[in-house]
Amino acid sequence: MSTATDTIESLVKQEYKYGFVTDVESESTPPGLSEETIRHISAKKNEPAWLTDWRIKAFRYWQTMPEPTWQFVKYPKIDFQAISYFSQPKPKGDAPKSLDEVDPKLLETYEKLGIPLRERGRLAGVAVDAIFDSVSVGTTYREDLAKKGIIFCSFSEAVHAHPDLVKKYLGSVVPYTDNYYAALNSAVFTDGSFCYIPKGVRCPMELSTYFRINAAKSGQFERTLIIADDGGQVSYLEGCTAPMRDENQLHAAVVELVALESAEIKYSTVQNWYPGDENGVGGIYNFVTKRGLCKGKNSRITWTQVETGSAITWKYPSCILLGDGSKGEFYSVAVVNNMQQADTGTKMIHIGKNTKSTIVSKGISAGRGQNSYRGLVEIRKTAANSRNFSQCDSMLIGAKCGAHTFPYIEVKNTSSSVEHEASTSKIGEDQIFYCNSRGLSTQDAVNMIVNGFCKEVFKELPMEFAVEAQKLLGVSLEGSVG
Amino acid sequence: MSKQTILEIKNLHAGVETKPILKGFSLSINAGEVHALMGLNGSGKSTLAAILAGRAGYEVTAGTVNYLGQDLLDLDPEERARAGVFLAFQYPVEIPGVNSTYFLKAALNEIRKSKGQPELDAIEFLELVKDKIKLLELKDDLLRRSVNEGFSGGEKKRNEIFQMAVLEPRLAILDETDSGLDIDALKIVAGGVNKLKRADSAQLVITHYQRLLNYIVPDFVHVMADGKIVKSGGKELALELEANGYEAILKQ
């Protein structure tokens, strides 16, 4: 009979569109990790002594920590001595003074990725900080933003230009003692983005960081710090890709957000690191700590993430709701196909009174992928009249994948309420046949059904990103149904 | 002038795994005709509908199905749909989060593409849909809702006929569209089907009860038992069934 019978199961190779390598001479520190490596990085960046000390403290602490084992993902032991912790394109002569002086090969790379950086052709309404391996290549629209008092630059630059802000907030949300990979990052981080929104300013455009890993045998350890002062508002986007290589590469970033009184930060991620091939060879280990602090009254932090890439995704973008009446939101779509693994979710820590949090998580598993939602809702004694709503839905495509949910709920007062809804569905042969019988191909049907499933999350993404995310989802699941 | 043959089923044998369900089913349908297929539960009516639409899980062991000169069984379900075969489902499927308008527009454009016609944009599509939705007395908000999600049983069935109105098939197969409908909904559905009757297309109406045929008047009525047609006649055969029951017909 019809060939649609054999649907679900037959996996074909998917194309990873961003797998090219930029042929640029790079300057990497030899593999290895010691205090000397850290001092070398710090010296290379001409950092002040306080920061070098902070790194060293973090490194010493990291050495005392056991590697975590509770996660629901499997990977061979990482040899931290085999990683090069600093890699940058070899500078040609003096440092470029403007984006037009940046190595054309680098500009070309970003153009190929759909992120033109040159003044002509750059994205309208989106300011971009482009991170290539361990360094920032350049930041667009900075002058326009500066007119409003907004600071948007690379982390390294901020250390020199705005040391007070960096010193005050670095590690204030994610201390280096937080977890194994946060400690490692604190010791070896190389660059990242820094953003400060002054009092009462609403950022007129989307801010964005685009992360690109290019060099082989290197890791990427960047740090992002975003501060929105009283009444400030910003929407921030993060994108990432890497070449196809048959080794695994570690990406261990830290993102810290601080929202002061009535400030709002919206942080969106479309994560498309190279996921490895269909047999699970290669791909990025994406072990990231992201946390936001709603420090002021009535502040609000929203995390939206669409995770389609990486061999392993392991992260929990979280909110600490310290200010009374503050709000935390987490909207997530995590897709695993082939041999990909994900253990992701969020933590909502309610400390202030009348705080509210919303969690909407959509997990999609295809191929032999394993997808876990892990989330903590903690309502402390002080958080009177707080509320949480969580919804965790899983969708399975095929019979060899897995979906798992690990919700943790701790409520320490009696005036708060917590709601948790969860569902698991299998993408139905019935649904596919219904679409087929109306003339739609099986691939289109799957895309449509999956996009419908993720709709609640996509509507939280900035417009341009939502379209991109839908397309990305289509590519990620290509071939998951035959 | 002889009428064009839309569907020609010859000596069809088919079943699920090793269990035979259709045992020598033959039927010929010409353009402009409405055929009613009646029979007791388990006689193979819905199996026939599923096989014609290309649902997975059935095995055809003998016989042929010719649709407008093509071997229908050789086509994938979506190719059948694009060629003008439409199945109104007995149990329409819910697709959460997928907007009804978006779904139907995608379907219509696939069919148009396969005919070499230009695709309709959102505005042209809405224009087309406005008229059709009145035909089925459906509420406009249905178009903004997800496909069949949260629809009542009656709304789901009306939505099937609404889709049929938009997609304009050459061969429409209505699989027990009357089941679960109250009399008012039944009249609306039947009214819609009657208005959709065209000289160049045909309808195969599968039903368990005669009452639908009070509103959709068939040119031919076939009684099915144990996987094949045991008696064929005009619309009066349905009334005979209603009066005497299946037993009497089967004994003849």
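Just above, that's the structure.
In this report, we go over the structure that sits alongside the text. Since this is a predicted model, take the numbers as computed values, not measurements.

A few words now on helix 9 (residues 442–458) of chain A. Residues and elements named next belong to chain A. Over its 17 residues, helix 9 extends 22 Å from the first C-alpha to the last, a length consistent with the 24 Å expected when each residue adds 1.5 Å. The sharpest bend along helix 9 reaches about 40 degrees and sits at Gly452. For helix 9, a buried count of twelve out of 17 residues is recorded, marking the element as mostly surrounded by other parts of the structure. Of the positions making up helix 9, those classed as buried are Thr442, Ala445, Val446, Met448, Ile449, Val450, Asn451, Gly452, Phe453, Cys454, Val457 and Phe458.

Residue and element names in this part refer to chain A. Under the criterion given, the structure shown has 25 aromatic pairs over all chains. Between Trp70 and Trp314 the ring centres are 5.6 Å apart and the planes differ by 75 degrees, which places this aromatic pair in the edge-to-face class. In this pair, Trp70 is assigned in the loop between helix 2 (49–64) and strand 2 (87–89) and Trp314 in strand 15 (residues 312–315), connecting sequence segments 244 residues apart. According to the relative accessible area criterion, Trp70 is partly exposed, its value standing at 49%.

A separate point is the sheet that holds strand 10 (residues 202–207) of chain B. All names here are of chain B. Judged by pairing direction, the sheet is mixed, and its six strands sit side by side in the order 6-9-10-3-11-12 without closing on themselves. Single-partner strands in this sheet number two, and they are strand 6 (85–88) and strand 12 (228–233). Adjacent strand axes in the sheet meet at a mean angle of 20 degrees, parallel and antiparallel pairs treated alike. Relative to strand 9 (residues 171–175), strand 6 is paired through four bridges, and the arrangement is parallel. In the sheet register, Leu87 faces strand 9, and the bridge partner there is Ile173. Contacting strand 3 (34–39), strand 6, strand 9, strand 10 and strand 11 (220–225), helix 1 (residues 45–53) crosses the sheet at an angle of about 145 degrees to strand 10. Strand contacts of helix 5 (residues 153–167): strand 6, strand 9 and strand 10, with the helix running at about 165 degrees to strand 6, the strand carrying the most contacts.

This next bit is on the sheet that holds strand 2 (residues 19–30) of chain B. Residues and elements named next belong to chain B. If you walk across this open sheet you meet the four strands as 2-1-4-5, and the pairing is antiparallel. Two strands in the sheet have a free side with no partner beyond their single neighbour: strand 2 and strand 5 (70–71). Where helix 1 meets the sheet, it contacts strand 1 (5–16), strand 2 and strand 4 (59–67), and its direction lies at approximately 115 degrees from that of strand 1.

The subject of this paragraph is the pattern of salt bridges. For the coordinates displayed, the defined rule picks out 29 salt bridges over all chains. Across the pair Arg145 of chain B and Glu155 of chain B runs a salt bridge whose closest N-O atoms are separated by 3.7 Å. Placement of the pair is Arg145 of chain B in the loop between helix 4 (122–135) and strand 8 (146–147) and Glu155 of chain B in helix 5, with a sequence separation of ten residues. Using a relative accessible area of 24% as the deciding quantity, one classes Arg145 of chain B as partly exposed. Put simply, Glu35, Arg39 and Arg60 of chain A are held in one network by salt bridges that share partners.

Another aspect to go through is the interface of chain B and chain A. Each partner contributes residues to the interface: chain B has 39 residues there, and chain A has 23 residues. Carbon and sulfur atoms supply 65% of the area that chain B and chain A bury against each other, a total of about 2400 Å² over both sides. Among the salt bridges present, the one from Asp430 of chain A reaches Arg55 of chain B, with a minimum N-O distance of 3.1 Å. Linking chain B to chain A there are ten residue pairs in polar contact (both at pLDDT 80 or more). Secondary-structure elements contributing two or more residues to the side of chain B that touches chain A are helix 1, strand 4, helix 2 (77–82), strand 6, strand 7 (95–99), helix 3 (100–114) and helix 5 of chain B. The leading source of residues in the side of chain B that touches chain A is helix 3 of chain B, at six residues. For the side of chain B that touches chain A, the per-class residue count stands at 24 nonpolar, six polar and nine charged.

The rules behind these values
- Per chain, residue numbering runs from 1 following the sequence as it is written.
- Chains carry letters from A onward and ligands carry numbers from 1 onward, assigned in written order.
- Where totals are concerned, whole chains, interfaces and linings use all residues; where local detail is concerned, this predicted model gives features only for residues with pLDDT of at least 70, and gives and counts side-chain atom pairs only at 80 or more.
- Hydrogens and water molecules were not included; the side-chain quantities draw on all heavy atoms of the structure.
- Runs of H or I in DSSP of at least four residues are treated as helices and runs of E of at least two as strands, each being numbered from the N terminus.
- The span you would expect from a helix comes to 1.5 Å times its residue count less one.
- Fitting one axis to the seven residues ending at a residue and another to the seven starting there, the bend at that residue is the angle between the two axes.
- Buried, partly exposed and exposed residues are distinguished by accessible area as a fraction of the type maximum, computed with a 1.4 Å probe on protein chains only: under 20%, between the cut-offs, and over 50%, respectively.
- Classification of ring pairs uses Phe, Tyr and Trp, with its six-membered ring standing for Trp, and accepts pairs whose centres are within 6.5 Å; under 30 degrees between planes counts as stacked, over 60 as edge-to-face, and the remaining range as tilted.
- Each pair of strands is called paired provided DSSP finds at least two bridges between the two strands.
- Here, axes are lines fitted to C-alpha atoms. For helices the fit covers the stretch in contact, and angles between N-to-C directions go from 0 to 180 degrees.
- Residue contacts are defined here by distance: any two heavy atoms, one from each residue, within 4.5 Å place the two residues in contact.
- A pairing counts as a salt bridge when a side-chain nitrogen of Lys or Arg comes within 4 Å of a carboxyl oxygen of Asp or Glu.
- Buried area, as used here, totals the accessible surface that two parts lose on assembly, with accessibility defined by a 1.4 Å probe and the loss added over both.
- Definition of a polar contact: a pair of N or O atoms within 3.5 Å, with one able to donate and the other able to accept a hydrogen when the atoms are protein atoms, and with sequence-neighbouring residues admitted only if both atoms are side-chain atoms.
- Residue classes follow a fixed rule: Ala, Val, Leu, Ile, Met, Phe, Trp, Tyr, Cys and Pro count as nonpolar, while Asp, Glu, Lys and Arg count as charged, and any other residue, Gly among them, counts as polar.

Scope: geometric values only; no functional claims are made or implied.
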